[in-house]
Amino acid sequence: MAKNQDTASVLAFEKKLVPSDGYMYGTQWDERNKSNNHTPLQLIEKSVRGTISNRLDKATKGDPVKLNAKVENANLQTVDSCALAPEQDTLKLHFTLKVLGGVHTPSACNNALFKQSYSSAVRDYISKEGFKELGKRYALNIANGRFLWRNRVGAENIEVQVSALNKNSKQSWVFDATQFSTRHFNNDDKQVIELGDRIAAALSSEDDFLMLEINCFVQVGKAQEVYPSEELVLDKGKGKKSKILYSVNDIAAMHSQKVGNALRSIDTWYPEFDDLEKTAGPIAIEPYGAVTNLGKAYRTPSDKQDFYTFFDQWARGTKLERVEDEHYVMAILVRGGVFGESDK
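Nothing here was measured: the structure is a model prediction, and the numbers come from that model.

### Remarks on the packing of aromatic side chains
As enumerated under the stated definition, the model contains 19 aromatic pairs in all. Measuring from ring centre to ring centre gives 6.4 Å for Phe13 and Phe311, while their planes differ by 90°; the resulting arrangement is edge-to-face. Within this pair, whereas Phe13 is found in strand S1 (residues 11-13), its partner Phe311 is found in helix H7 (residues 307-314), the two being separated by 298 residues in sequence. Residue classification places Phe311 among the buried residues on the basis of a relative accessible area of 2%. Among the aromatic residues, those joined into a cluster by ring pairs are Phe13, Phe114, Tyr118, Tyr288, Phe307, Tyr308, Phe311, Trp314 and Phe339. The ring of Tyr298 has Lys296 sitting right over it, with the charged end atom 5.1 Å from the ring centre. The ring of Tyr328 carries the charged tip of Arg299 above its face, separated from the ring centre by 3.7 Å.

### A short note on helix H8 (residues 323-335)
Its 13 residues place the ends of H8 18 Å apart at the C-alpha level, agreeing with the 18 Å of an ideal helix rising 1.5 Å per residue. With respect to burial, H8 is a largely interior element, 10 of its 13 residues being buried. Listing the buried residues of H8 in full gives Asp325, Glu326, His327, Tyr328, Val329, Met330, Ala331, Ile332, Leu333 and Val334. Buried residues along H8 sit against S1, strand S2 (17-19), helix H3 (112-128), helix H4 (132-143), helix H5 (190-204) and H7.

### A look at the layout of surface pockets
By volume, the largest pocket is sized at about 620 Å³. In terms of lining, the largest pocket is formed by 18 residues, of which the most central are Trp149, Asn261, Ser265, Val291 and Asn293. Looking at the lining of the largest pocket residue by residue, the classes come out as eight nonpolar, six polar and four charged. Approximately 260 Å³ is the volume attributed to the second largest pocket. For the second largest pocket, the full set of lining residues is Lys15, Leu17, Pro19, Tyr138, Ser256, Gln257, Gly260, Asn261, Leu263, Arg264, Val334 and Arg335. Elements with a contribution of two residues or more to the lining of the second largest pocket: S2, helix H6 (256-263) and H8. It is H6 that contributes the most residues to the lining of the second largest pocket, five residues altogether. Residue composition of the lining of the second largest pocket, by class: five nonpolar, four polar and three charged.

Criteria and cut-off values
- Position numbers for residues start from 1 in each chain and track the written sequence from start to end.
- Per-residue local features are limited, in this predicted model, to residues with pLDDT of at least 70; the limit for side-chain atom pairs, both in listing and counting, is 80 or more; totals at the level of whole chains, interfaces and linings are taken over all residues.
- The side-chain numbers reported here are obtained from all heavy atoms of the structure, hydrogens and water having been left aside.
- A pair of aromatic rings is counted whenever rings of Phe, Tyr or Trp (Trp by its six-membered ring) have centres within 6.5 Å, and the orientation is called stacked for planes under 30 degrees apart, edge-to-face for over 60 and tilted otherwise.
- Secondary structure follows DSSP: runs of H or I at least 4 residues long count as helices, runs of E at least 2 residues long count as strands, and numbering of each begins at the N terminus.
- Only protein chains enter the accessibility calculation, which uses a 1.4 Å probe; a residue whose area is less than 20% of its type maximum is buried, one above 50% is exposed, and one in between is partly exposed.
- Cation placement over rings: the criterion is NZ of Lys or CZ of Arg within 6 Å of the ring centroid and within 35° of the ring normal.
- By definition here, a helix of n residues has an expected span of 1.5 Å times n minus one.
- Should any heavy atoms of two residues lie within 4.5 Å, those residues are considered in contact.
- Of the two site types, the cavity is a set of points on a 1 Å grid over the protein atoms alone where a 1.4 Å probe fits but cannot get out, and the pocket is an open set with protein on both sides within 12 Å along at least five of seven lines, each lined by residues with an atom within 4 Å of a point.
- Grid points are joined across faces, edges and corners, and a volume is the space filled by probe spheres set on the points.
- Residue polarity is assigned by list, with Asp, Glu, Lys and Arg as charged and Ala, Val, Leu, Ile, Met, Phe, Trp, Tyr, Cys and Pro as nonpolar; anything else, Gly included, falls into the polar class.

Function cannot be read off these values alone, since they describe shape.
Laid out in structure tokens, this is it:
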């Protein structure tokens, strides 16, 4: 098949891991299984007086008078914060996750030849791998509480309760998140394998789905601060709030995008993963391996490690050198997105 005959200028895939927002509640560790003792956490507005901490320009550095003037000019801020009540020592984070099948078929594709070769490649992957590796990695990111982000740090206990809500196949699992690494996926825990198999079965299906409910309890200490998502406000304006946190119906929450980013942080196949000086640990599945807080792309086209380099070969029937590269391509398709190629 000639390249100009199998190029899809319109190509898109729907995401197959669909998390809800994560809602935050306060409770006590010993009473975590009593739902009537879970109270919604609300945002608190504070006015604080900060000091300058940024680098000084050359003129101010060498002039103590100018420096004193800057120090005297207090950095007054209004910020959102969130904390447990004085009698509470445990954060509860609640969200649901829907796992969808149907990766065989793009949601949009304007080239029949490409669609045919792509569907064939997907079926070959499912017959060989069955999404087992990806399912296990998604399950581990649920079990280890990666979706807690900063709330995971300094916790004495972390318990993750997972329930499959499908009518004819209900099942539940309980994980001690402190027993699972967030740095690697070499784990054969029986419960993780079971949950991973359920996720893999849904992803492998034509049109089936799996609905999971996740309740995570984190013992952080009485009255301790917890961390909902921060809103991105491009134009805060002078005198307005400098930190705006996310809430839904007066309940502090984490964005579904942030929860989803944690669940798909399974890429340990990029070239620099084993380099102790350069590794960022498992990174979120992205076409160019972008890690925005580090300002770095770990999968560049120049190194031929990006999604498009692999996808253009694999979807047209060329076998990739490593099965890990196939896992990466399939994980991108589970992530979803628009991957069309311009005709220009």
